[in-house]
2 protein chains.
Amino acid sequence: MRSKQSTITIHDVAKAAGVSVSTASRVLNNKADVSPETYKKVRQVIDDLNYTASLAAKSMRSRTTNVLGLLVPELIEVYYHEVIKGVGAAIENSGYDLLIYTSGSPTRNKRASWEREHVALLSSGLTDGCIIVSPSAPTFQQNANIVVIDPHGAGAEVPSVVATNHEGAIQAVDYLVSLGHRRIGFIQGHPTAWSALQRFEGYKAGLDKAGIEFEAALVCDGDFTSACGKAATYHLMNQPNPPSAIFAANDRTAIGVLEAAQELGLNVPQDLSVIGFDNIPETMQTTPRLTTIDQSIREMGSLGVRLLIEMLQNRESAQLLHTVPTSLVIRDSCWMRKQ
Amino acid sequence: MRSKQSTITIHDVAKAAGVSVSTASRVLNNKADVSPETYKKVRQVIDDLNYTASLAAKSMRSRTTNVLGLLVPELIEVYYHEVIKGVGAAIENSGYDLLIYTSGSPTRNKRASWEREHVALLSSGLTDGCIIVSPSAPTFQQNANIVVIDPHGAGAEVPSVVATNHEGAIQAVDYLVSLGHRRIGFIQGHPTAWSALQRFEGYKAGLDKAGIEFEAALVCDGDFTSACGKAATYHLMNQPNPPSAIFAANDRTAIGVLEAAQELGLNVPQDLSVIGFDNIPETMQTTPRLTTIDQSIREMGSLGVRLLIEMLQNRESAQLLHTVPTSLVIRDSCWMRKQ
DNA sequence: TTGTACGCGTTATCAC
DNA sequence: GTGATAACGCGTACAA
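Residues numbered from 1 in each chain as written. Chains lettered and ligands numbered in written order. Predicted model: local features only at pLDDT ≥ 70, side-chain atom pairs only at ≥ 80, totals over all residues. Heavy atoms only, no water.

Some words on the UniProt feature "domain: HTH lacI-type" (unreviewed entry) in chain A
Within this numbering scheme, the UniProt entry marks residues 8–62 of chain A as carrying the feature "domain: HTH lacI-type" (unreviewed entry). Each end of residues 8–62 of chain A is marked by a C-alpha atom, and these two atoms are 20 Å apart; helix forms 69% of the span and strand 0%. (UniProt positions renumbered as here; feature names shortened; annotations may be inferred. Helix = DSSP H or I, 4+ residues; strand = E, 2+ residues; numbered from the N terminus.)

Right, here's the structure in full:
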């Protein structure tokens, strides 16, 4: 006696079990006040019909779904996959399901508005809360349950997970200095990214700490792509007094540096030391393998989940900014400065 | 927890713009019959209020969401990430959004029922259709738009994407034979996986082709884990007449073989040749780097998306089974048989 | 061109 | 303990 609609509804269950929809709903949600035999009968029917409550309808009415949302800008860059792995690990046995949303439309140019739209999309009932990765929009709906990972803007109004970018950059410079380098080039990250700014500040702080004077000519603009790494390397190495080491704001850019170095006939690390930031998996497959600063992207994803769940359970901590430590990963792309 | 008035609805938009909800809805969906000034005014309000239609409500009503669903069992194993990368690439500029769903609950033990439940979940309005990765359930809702990647069961009733597992296994054996190996061990994949069976059949076909008699003692059970690879290696190599090469049903298992070989003091590839299947990224980081059969997991994901979109546009091809070619990837884990 | 009324599948509220 | 009914936010005939 199924209605014309293909999807079977709670009405079908109720009818088949000979009860009302409200009773069926009660059984579905394991409410207390329902007689054992009724319960059993309805459960049986649910199993037989292989019925599942529509998430759409359920969330529309009840406002709580036991589903967490994750908003990512795209699914190609491995960085996001590392985040997802961390989120996936944290979600295990958490009692929550996970819904990852990404858009295939080029509307992404308007990143900020895209984010706001999709946060609204997920928050408006589909999920209990959501995590946004690398958001550029500084602010969101007031009352949504939101946690942010590696935000672009600085002033966080929502709980944010960030790496210790400043300290990590200092670590990188320290290491290069310990190898004897004094002229250390720096390739900037995306100009709007807070993490990029922090790394630049750390670079300067590291130089200062070593008593090396900052030199603007050794700094190139960038945007986290490998293309900018290549361009910057050509620029830096063709200077009259080129650097003996290059610190790129992220691994992707550092990979570009490696490519350019090869094209220029420079041996890494003998002629040029290169260090990156992020520790994405590909850094283990470059030639030479890239020395970098690990920012445990996975841990950031896991922490994001934990923060969100705390928030949902009203155990929200007063702290807004949560940092994940960075660490130096020494591989093969840095070497002692040639005398 | 969340105040009722928090989410702004189409009513708020209508009220603010001084029109009726239906007019607002028309503007939202870019319907033709609405006066330019009304359109502009409503658009303005929508922007001001930063309004987004609730996916839940919308999908419940309209049955078409421009969203594709992807159902994955978990988010830790890299195999699924490779699929997601392919799906993510195919979704770009497709006009569709993507919604990945996974569950954090241990209910996954009951895989088949979990899948059915969640297919229903996604199909019941949230998405226009969905892709299921490695499903164990042989059958689904009749009229849902479903595409399946690497299914466990053989008899596909829905469009399926599979690798040429049989041919790939033959390629692997061919290669080992060309290196002079005659005693080739095989470690089975998960017993219910169709792909595993196909690889085993290919193994036997390859032996047959080379005129080598099949020997049951050289075959071990397995389940696609690295643990089974280790156990099987101990078993195989402690035989009176051990194999000179081992073909593992997937890379994860082959990695277990590598570990066991090291523990046993066997040098790979000098003492033992090892070949895997899948070509997951980690195979480039093992020592030695693993020779394997590439099954272009990403391409399988992309093809899945293309098939699903075709289906949604009623351009469904008659063909149900779609194969993606495998290819031999020679790295460092296989060598000539010692004389 | 615009507004009214209804239904999508569910849960909460209130009767019984 | 159980059943009827009113929302939830939206799209769409149909009426105006």
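There's more to say after this.
Let's talk about the environment of A:Thr127
All names here are of chain A. Its location among the elements puts Thr-127 in the loop between α6 (111–126) and β3 (129–133). Accessibility expressed as a relative area gives 0% for Thr-127, which makes it buried. Separated by 29 residues in sequence, Thr-127 and Leu-98 place their C-alpha atoms 8.8 Å apart. From its side chain, Thr-127 meets the backbone oxygen of Gly-129 in a polar contact 3.4 Å long. (Buried < 20%, exposed > 50% of the residue type's maximum accessible area, 1.4 Å probe, protein only. Polar contact = N/O pair within 3.5 Å; in protein donor to acceptor, adjacent residues only side chain to side chain.)

A word on the protein's contact with DNA strand C
Around DNA strand C there are 29 residues in total, and A:Ile10, A:Tyr51, B:Ser20, B:Thr38 and B:Arg61 lie nearest to it. Of everything in DNA strand C that lies within 4 Å of the protein, sugar and phosphate atoms constitute 58%. In the environment of DNA strand C, a phosphate oxygen lies 3.2 Å from a nitrogen or oxygen atom belonging to the backbone of A:Ser54. Class assignment for the residues of the surface near DNA strand C results in eight nonpolar, 14 polar and seven charged. (Near = heavy atom within 4 Å. Nonpolar A, V, L, I, M, F, W, Y, C, P; charged D, E, K, R; others polar.)

Section: the pairing of strand β4 (residues 146–149) of chain B
Residue and element names in this part refer to chain B. Taking every second residue as pointing to the same face, both faces of β4 are buried, with Ile-146 and Val-148 on one and Val-147 and Ile-149 on the other. By the bridge criterion, four bridges tie strand β3 (residues 129–133) to β4 in an arrangement that is parallel. Looking across to β4, one finds that Ile-131 is bridged to Val-147. (Pairing = 2+ DSSP bridges.)

Some words on the interface of chain B and chain A
At the junction of the two partners, chain B supplies 52 residues and chain A supplies 56 residues. Of the roughly 4,600 Å² buried at the junction of chain B and chain A (both faces included), carbon and sulfur atoms supply 56%. Where chain B touches chain A, the interface holds zero salt bridges. Counting every contact that joins chain B to chain A gives eight residue pairs in polar contact (both at pLDDT 80 or more). Looking at the side of chain B that touches chain A, the elements that each hand over two or more residues are α4 (55–62), α5 (78–91), β2 (97–103) and α6 (111–126) of chain B. Of the residues in the side of chain B that touches chain A, the class split is 24 nonpolar, 19 polar and nine charged. In this structure, strand β2 (residues 97–103) of chain A lies alongside β2(B), joined through seven bridges in antiparallel fashion. Of the residues in β2(B), the one forming a bridge with A:Tyr101 is B:Leu99. (Contact = heavy atoms within 4.5 Å. Buried area = accessible area lost by both parts, 1.4 Å probe. Salt bridge = Lys/Arg side-chain N within 4 Å of Asp/Glu carboxyl O.)

Quick look at the protein's contact with DNA strand D
Looking at DNA strand D, there are 27 residues lining it, with A:Thr23, A:Thr38, A:Arg61, B:Ile10 and B:Tyr51 nearest. The sugar-phosphate share of atoms of DNA strand D within 4 Å of the protein amounts to 55%. A distance of 2.7 Å is found between a base nitrogen of DNA strand D and a side-chain nitrogen or oxygen belonging to A:Arg26. Here a phosphate oxygen of DNA strand D sits 2.8 Å away from a polar atom, N or O, in the main chain of A:Ser35. Elements that contribute at least two residues to the surface near DNA strand D include exactly α2 (21–28) and α4 (55–62) of chain A together with α2 (21–28) and α4 of chain B. Split into classes, the residues belonging to the surface near DNA strand D amount to eight nonpolar, twelve polar and seven charged.

As for the sheet that holds strand β5 (residues 160–163) of chain B
As summarised here, the arrangement of the twelve strands in space is β11(A)-β5(A)-β4(A)-β3(A)-β1(A)-β2(A)-β2(B)-β1(B)-β3(B)-β4(B)-β5(B)-β11(B), forming an open sheet in which the pairing is mixed. Each of the sheet's edge strands pairs with one partner strand only, and the pair in question is β11 (321–324) of chain A together with β11 (321–324) of chain B. Along the sheet, successive strands turn relative to each other by an average axial angle of 20 degrees, direction set aside. In this sheet, strand β5 (residues 160–163) of chain A lies alongside strand β4 (residues 146–149) of chain A in parallel orientation, the contact comprising two bridges. Paired with A:Ile149 across the bridge in β5(A) is A:Val161. (Axes fitted to C-alpha atoms, helices over the stretch in contact; angles between N-to-C directions.)

Observations concerning the environment of A:Leu207
All names here are of chain A. Note that Leu-207 resides in helix α8 (residues 194–209). Residue class for Leu-207 comes out buried when judged on its relative accessible area of 3%. Each C-alpha atom, one on Leu-207 and one on Val-173, is 6.9 Å from the other, the two residues being 34 residues apart in sequence. Setting aside chain neighbours within four positions, we find Leu-207 in contact with Val-173, Ile-184, Ile-212 and Phe-214.

Remarks on the nonpolar core
A:Leu68, A:Leu70 and B:Leu70 are the most contacted members of the largest nonpolar core, which has 62 residues in total. Of all the elements, helix α11 (residues 297–312) of chain A adds the most residues to this core, at nine residues. For A:Leu68, the residues in contact, after removing those within four places along its chain, are A:Ile91, A:Tyr96, A:Asp97, A:Leu98, A:Leu99, A:Thr127, A:Gly129, A:Val305, A:Leu308, A:Ile309 and A:Leu312. A:Leu126, A:Cys130, A:Ala144 and B:Ile146 belong to the second largest nonpolar core, which has 30 residues in total. (Core = buried A, V, L, I, M, F, W, Y, C linked by side-chain atoms within 4.5 Å.)

Brief notes about α11(A)
Residues that lie three or four places apart on an α-helix share one face, since the helix turns once every 3.6 residues. Residue and element names in this part refer to chain A. Counted at 1.5 Å a residue, the expected span for α11 with its 16 residues is 22 Å, and the 23 Å between its end C-alpha atoms agrees. Across the 16 residues of α11, twelve count as buried, placing the element largely inside the fold. Along α11, the residues that are buried comprise Ile-297, Met-300, Gly-301, Ser-302, Leu-303, Gly-304, Val-305, Leu-307, Leu-308, Ile-309, Met-311 and Leu-312. Downstream of α11 by one or two residues, Asn-314 has phi in the positive range, about 60 degrees. (Expected span 1.5 Å × (residues − 1).)

Let's talk about unusual backbone geometry
With omega at 10 degrees, the peptide bond leading from B:Val268 into B:Pro269 counts as cis. As for its placement among the helices and strands, B:Pro269 is situated in the loop between α10 (251–263) and β9 (273–278). That bond from B:Thr287 to B:Pro288 is cis: its omega, -10 degrees, falls within 30 degrees of zero. Mapped onto the secondary structure, B:Pro288 falls in the loop between β9 and β10 (291–294). The residue A:Asn30 is not glycine, and still its phi comes out positive at about 55 degrees. Note on placement: A:Asn30 falls in the loop between α2 and α3 (36–49). Positioned with a positive phi, A:Asn279 is a non-glycine residue whose angle comes to about 60 degrees. By the secondary structure assignment, A:Asn279 is in the loop between β9 (273–275) and β10 (292–294).

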